[in-house]
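Geometric and topological summary
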Amino acid sequence: MSICPYFDQDKKYCDVGEDYISPYDVVAMSHHCSGRYRGCERFEELANRYPEVLEKTDQLELSPQSDPLRSPYPHPHSERTPIHIKFSNKWPLAYRLNYVKSCYRSNEPRREEITPMQPQTIKNRGLQVLLAGLGINLALGILYTWSIFKGAITDSIAGGGSGSFNWDAASVNDPYAVACLAFAAAMILAGKCQDKLGPKVTCIIGGLLVGSGFILISQTTNYWAWVAGFGLMAGTGIGFGYSAATPPALKWFSPAKTGLIAGIVVSGFGLASVYIAPLAKYMLASFGLQQSMMYFGIAFAIAVSSLGLLIVNPPAGFVADPSANNSAAKAVSTVQDVAPMQLFKNAKFYTLWLCFFIGSGAGLMVIGSAKGLAKASMGEMAFLVVVIMSVGNAAGRLIAGVVSDKIGRATTLCIMLAFQACLMFAAIPILGGQGSHPAVVALIVTAMVFNYGTNLSLFPSFAKDNWGMKHFGMNYGILFSAWGVGAFVLVRVSEMLKVKTGSMDSSFIVAGVLLLVGAMMALSLRPQKAAAPATEPIFVEEEDLVLQEAND
């Protein structure tokens, strides 16, 4: 043994081992009880008084001269630098003592290795993480109120004068489009950060970036400053915060509830406009655009960073529902974890990416221009459409998650894309006409945004079902790039067509055709049914039977 045989025995042997172990005793153990116990002043006394303790130990360890293969040099522990342990109080912490014992009693298994984890003793923080993720998305959903900010910028361009926005009319949506693109690009980096550093750090980074971006644009009307502040900084921050909310929540709940949990968490992003739209309307009227951006930046930086502290991953080995015995749980248990680089070798990834590109781009095209679409029929009350459509956005995410758990992700996606295409074609006479009823306008815009919201619930579930949870953060980040590219391309194309033609009709036609293509592609995502075994008899030529009998 490398530790004194009298160490950790009864009190009568050695006082280093009593119930009361002081920091001095810990230092004594590290200096003398490991490998150099023969130099202890009490060893000879204890050896003479209690020889029976020595008889129970390994004689080779006590008599190194009797082992010809044993090195004649001193024990390596005797030459090492002493361990210095600093304690902030009188009593050493339990984990410090366990660490010291584990280092010097390497022949004994550690406590955590011999004590299996009991899932029932782990506090389930699923509800805490779910609500915190919902709150984070309620703050980050300010992206969907861009149409209100866009209206203020457009009015400033038209009004002119000192301190106004001197932008090109076709570039008004550029900060929003860049924000969507940065959002998607940041999801890849944020997914890697979430997998490596955890969701808390990722979320705090996101909150600080969003706050910094809004504070920057509050100080200027320069086009490039808004592209950098709202587009790059706020968009990247939204990506970091968004990516940190959903994966931990999915890990705390049963696989059978994947669609429901994903829908609840991301519904906050769509529901944010319910309170941000009227609040933004009030603040713009009271403080102006730039001062409002300052207040929003400070508030959301604090909110997102604070809620991020409540986001945690479950410990290793955690089982959300050990008693679950359903087909969903069995299916997820057989899913192989796919590394990010392997996605590009998977044909299904490209199909999902294109479907996400089409569905998200078409929806964001409407969201970015929602207030302008409704202004002709609703006047100054057009901002209410932003509020109403946010309810549809959140409802789409939640309902699609629940429905997809029942009828399958691919079937749900196909239905939603086809329905969205029908709405795009129906919008040409309704939204393009001058006499449309406000209620009809609000209804069709809300339905469009409802269908758009389904994408944000379905595709995280697709990623988990097909590629596992080990690399979920980065895998979904790569898939989410379709959202950003779709937003950037289709929003930009829509704005150019609107400036060129003076209406949204061309944009609706392009989006409708693409959505029909996406619906057909979604059909290929349905799981293939296993081939039924052959039940008909197989007829063999008589010559073959004769040859087989001859060989036998």
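Before reading on, note that the structure itself is shown above.
Thresholds applied
- Residues numbered from 1 in each chain as written.
- Predicted model: local features only at pLDDT ≥ 70, side-chain atom pairs only at ≥ 80, totals over all residues.
- Heavy atoms only, no water.
- Helix = DSSP H or I, 4+ residues; strand = E, 2+ residues; numbered from the N terminus.
- Buried < 20%, exposed > 50% of the residue type's maximum accessible area, 1.4 Å probe, protein only.
- Contact = heavy atoms within 4.5 Å.
- Areas by Shrake-Rupley, 256 points an atom, 1.4 Å probe, with all protein chains shown as cover.
- Salt bridge = Lys/Arg side-chain N within 4 Å of Asp/Glu carboxyl O.
- Core = buried A, V, L, I, M, F, W, Y, C linked by side-chain atoms within 4.5 Å.
- Expected span 1.5 Å × (residues − 1).
- Arc of directions from axis to C-beta.
- Patch = residues over 30% accessible without salt bridge, like charges linked within 9 Å, V, L, I, M, F, W, Y side chains within 5 Å.
- Phe/Tyr/Trp six-rings, centres within 6.5 Å; stacked < 30°, edge-to-face > 60°.

1. Concerning the overall build of the protein chain
- Helix and strand counts for the protein chain come out as 23 helices and zero strands.
- Considering the protein chain as a whole, with its 552 residues, one finds that 48% of them fall into the buried category.
- Partitioning the intrachain contacts of the protein chain with sequence separation of at least 6 by distance along the chain shows that 84% fall at a separation of at least 24.
- Accessible area for the protein chain stands at about 26900 Å²; split by element, carbon and sulfur atoms hold 62% of it.

2. Considerations on the environment of Ala394
- In this structure, Ala394 sits in helix α18 (residues 383–407).
- Distance in space between the C-alpha atoms of Ala394 and Val449 is 8.9 Å, their sequence separation being 55 residues.
- Setting aside its immediate chain neighbours within four residues, Ala394 contacts Ser267, Gly270 and Leu271.

3. Some points on the environment of His471
- Tracing the sequence through the fold places His471 in the loop between α20 (438–467) and α21 (472–501).
- For the pair formed by His471 and Lys196, sequence separation is 275 residues and the distance between their alpha carbons is 10.0 Å.
- With residues near it in sequence (within four places) discarded, His471 still touches Asp195, Val338, Ala339 and Pro340.

4. Some remarks on the pattern of salt bridges
- Inspection of the entire model under this criterion finds two salt bridges.
- Close ionic contact of Arg409 with Asp405 constitutes a salt bridge, the shortest N to O distance being 2.8 Å.
- On the accessibility criterion, Arg409 (11% relative accessible area) is buried.
- On the accessibility criterion, Asp405 (27% relative accessible area) is partly exposed.
- The closest approach of N and O atoms between Asp465 and Arg409, which form a salt bridge, is 2.7 Å. In this pair, Asp465 is assigned in helix α20 and Arg409 in helix α19 (residues 409–432), connecting sequence segments 56 residues apart.
- Overlapping salt bridges, with partners in common, bring together Asp405, Arg409 and Asp465 in one network.

5. Examining the nonpolar core
- With 113 residues, the main nonpolar core has Leu143, Phe296, Tyr476, Phe480 and Trp483 as its most contacted residues.
- Among the elements that make up this core, the one with the highest residue count is α20 (13 residues).
- With residues up to four places along the chain from it excluded, the contact list for Tyr476 reads Met187, Tyr242, Phe356, Leu456, Phe459, Pro460 and Ala463.

6. Side note on helix α22 (residues 505–523)
- For α22, with 19 residues, the first-to-last C-alpha span of 28 Å sits near the 27 Å given by 1.5 Å per residue.
- Regarding α22, the residues found buried are Ser507, Phe508, Ala511, Gly512, Leu515, Gly518, Ala519 and Ala522. Buried residues of α22 fall within an arc of 130 degrees about the axis and therefore sit on the same side.

7. Some words on a nonpolar patch on the surface
- The grouping of Phe425, Ile509, Val513, Leu516, Val517 and Met520 at the surface amounts to a nonpolar patch, some 510 Å² of accessible area in total.
- In terms of residue count, the dominant contributor to the nonpolar patch is α22 (five residues).
- With respect to the helices and strands, Leu516 occurs in helix α22.
- When its relative accessible area of 39% is taken as the criterion, Leu516 is described as partly exposed.

8. Remarks on the packing of aromatic side chains
- Here the structure, examined in full by the defined rule, presents 27 aromatic pairs.
- Here Trp146 and Phe230 contribute two aromatic rings whose centre-to-centre distance is 4.9 Å and whose plane-to-plane angle is 40 degrees, an arrangement assigned as tilted. One end of the pair, Trp146, is in helix α8 (residues 146–159); the other, Phe230, is in helix α11 (residues 223–252), and 84 residues separate them in sequence. Here the two residues Trp146 and Phe230 agree in accessibility, since each one is buried.
- Judged by centre distance (5.3 Å) and plane angle (75 degrees), the ring pair of Phe349 and Tyr350 falls under edge-to-face.
- Assessed through its relative accessible area of 41%, Tyr350 is described here as partly exposed.
- Counting every residue linked through ring pairs, the aromatic cluster contains Phe183, Tyr242, Phe269, Phe356, Phe459, Phe462, Phe472, Tyr476, Phe480 and Trp483.

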